[in-house]
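# Secondary and tertiary structure notes
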Amino acid sequence: MNNVLKNAIALAIVITAVGCKSQTSKNKLSMAIESKKPKTEIKNEKSMEKTGAFLEITLKIKKVNRPKAAGIYVKYKEAFLTKIDGATSKELLMRDEDVQVLHGFQNEAQATAYLKTALFTKDVVGELALLLTADPEIRIYTAAFLTNKQPLNTGAFLQISLKVAAVNRLKAGDVYSKYKTPFLTKIDGAVSKDLIKRTDDVQVLHGFETQEQAKAYLSSQLFTKDIVGELGPLLLEEPEIRIYSIFKQ
């Protein structure tokens, strides 16, 4: 598994612009994870730095091994935030199917460079490799607009990944901008909304206070009628929808 992980990382570095192929998933909810709180609070984000890129590493790990994975995340989070060039945030996201480490960077080049660092290739990979049941999925997105740090009350993320032809991406961006303010002001529990992109797809990263509110949004008129109504004709295939809870230390 260690060699498999290293091969996946090498592939991600070579084809950052193209991205990794996505694994289709449906939005199942709720997943329990147990881990002791650290004795000292780890810095959550560098508040003065804007995020311009996201590195998403999605991992298949059995539930029995998820507390160990959470321990590795906690162990290296502070080192990531204080020693890695351009690092702005790091969150552990959880759902039934998998876990995801969502990294924020100032730019895409720094996200790519992190995959070559000793902290990642030796420390993190060295401890995580034996816990994986499948190849990791590695995606690097750039932010369409520089993002501020996530609000402290963010407890869940809704990720909607969309296959949109390059010629239609500007139109998709207009739809995102048109409905961002209504989302933030009218949707229960909504705290953030960011548009991120790569060659393979674009993703709308929604922040919510809870998983339940993220799920409820998918049934709202704003989503089902307004947004889906305008985005539908631009899509090349069905969107990929994931709902994660954020691991709180």
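Residues numbered from 1 in each chain as written. Predicted model: local features only at pLDDT ≥ 70, side-chain atom pairs only at ≥ 80, totals over all residues. Heavy atoms only, no water.

In this section: the packing of helix α5 (residues 169–186) against helix α7 (residues 221–231). Two numbers describe how α5 lies on α7: the axes approach to 10 Å, and their chain directions differ by 165°. With respect to α7, the element α5 is oriented roughly antiparallel. Note that α5 runs across α7; the crossing there is right-handed. Of α7, the residues touching α5 (which contributes A172, V175, K178, Y179, P182 and F183) are L222, D226, I227, E230 and L231. Class assignment for the residues of the contact of α5 with α7 results in 8 nonpolar, no polar and 3 charged. (Axes fitted to C-alpha atoms, helices over the stretch in contact; angles between N-to-C directions. Helix = DSSP H or I, 4+ residues; strand = E, 2+ residues; numbered from the N terminus. Parallel < 35°, antiparallel > 145°, perpendicular 65-115°, else oblique. Left-handed = near helix turned anticlockwise from the far one by under 90°. Contact = heavy atoms within 4.5 Å. Nonpolar A, V, L, I, M, F, W, Y, C, P; charged D, E, K, R; others polar.)

Our next topic: the pairing of strand β5 (residues 156–162). In terms of burial, β5 is a largely internal element, 7 of the 7 residues being buried. Side chains of β5 alternate between two faces, with A156, L158, I160 and L162 and F157, Q159 and S161 buried alike. Taken together, the 7 bridges between β5 and strand β7 (residues 202–208) define a ladder with antiparallel strand orientation. Looking across to β7, one finds that S161 is bridged to Q203. For β5 and strand β8 (residues 240–246), the ladder comprises 6 bridges, and the chain directions are antiparallel. Opposite S161, over in β8, you have E240 as the bridge partner. (Buried < 20%, exposed > 50% of the residue type's maximum accessible area, 1.4 Å probe, protein only. Pairing = 2+ DSSP bridges.)

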